[in-house]
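Here's the letter readout for the chains.
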Amino acid sequence: MQGGGGPESEKNYPLAPAFRLVDLFVNRLSLADYRGKVVLLDFWATWCKPCRTEIPAFVDLQARYHHRGFQVIGIAVADHKWSVKKFYDDFTMNYPVAMDDSIARRAYGVAGGIPSAFLIGRDGRIHQKIVGAPSNLNFLETEIQSLLGGENG
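Being a predicted model, the structure only gives us computed values, none of them experimental. (Residues numbered from 1 in each chain as written. Predicted model: local features only at pLDDT ≥ 70, side-chain atom pairs only at ≥ 80, totals over all residues. Heavy atoms only, no water.)

Chemist: Give me the lowdown on the nonpolar core, citing residues and values where you can.
Modeler: Ranked by internal contacts, the top residues of the largest apolar core, which has 48 residues, are Phe19, Leu41, Phe43, Trp44, Phe70, Met93 and Tyr108. Listing elements by their share of this core, those giving two or more residues are β3 (38-44), α2 (49-65), β4 (70-76), α3 (81-90), β5 (97-99), β6 (116-120), β7 (126-131) and α5 (137-148). Other than its neighbours up to four places away in sequence, Leu41 contacts Phe19, Ile73, Ile75, Tyr108, Ser116, Ala117, Phe118 and Ile120. (Core = buried A, V, L, I, M, F, W, Y, C linked by side-chain atoms within 4.5 Å. Buried < 20%, exposed > 50% of the residue type's maximum accessible area, 1.4 Å probe, protein only. Helix = DSSP H or I, 4+ residues; strand = E, 2+ residues; numbered from the N terminus. Contact = heavy atoms within 4.5 Å.)

Listed below in structure tokens is the structure:
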């Protein structure tokens, strides 16, 4: 177990369910590959208006914090691969995106309310669950910085 974690943190922050998918470019995408990083796991769709407004912010967060061990992962839900690829290009997405296989969505308890995002700490535990587009991106960024630790930006 990593520093600071104990029975209390395990109770408050559930372990993030593992998943294995294939991204839009046919690369293997597994949560285990990002162990030790802070991950924002986002379930979204091209036809979802709140998703369309939050994704540019996620692209920005990925660009600004990737060098510190932050990674956004997108999982497209109830969508067509061709429309997701076009969206990916149109929005200049800079993080991996996979098509939902429903197994990952069920494991995270996403029953249809998208967007749904999960902020996973370096400890592999879910520290925040955000249903709907984040109303306060400053709060989300503060949480990311806290989980990353150390210096800002």
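There's more to say after this.
Chemist: Please set out α5 residue by residue, giving values where relevant.
Modeler: With 12 residues, α5 ought to run about 16 Å at 1.5 Å a step, and its terminal C-alpha atoms sit 16 Å apart, in line with that. For α5, the set of buried residues is Leu140, Glu141, Ile144, Leu147 and Leu148. Buried residues of α5 fall within an arc of 125° about the axis and therefore sit on the same side. Residues of α5 that are exposed and point more than 90 degrees away from the buried face comprise Asn138 and Ser146. Close packing links the buried residues of α5 with β3, α2, β4, β6 and β7. At the C-terminal side of α5, Gly149 shows a positive phi close to 70°. (Expected span 1.5 Å × (residues − 1). Arc of directions from axis to C-beta.)

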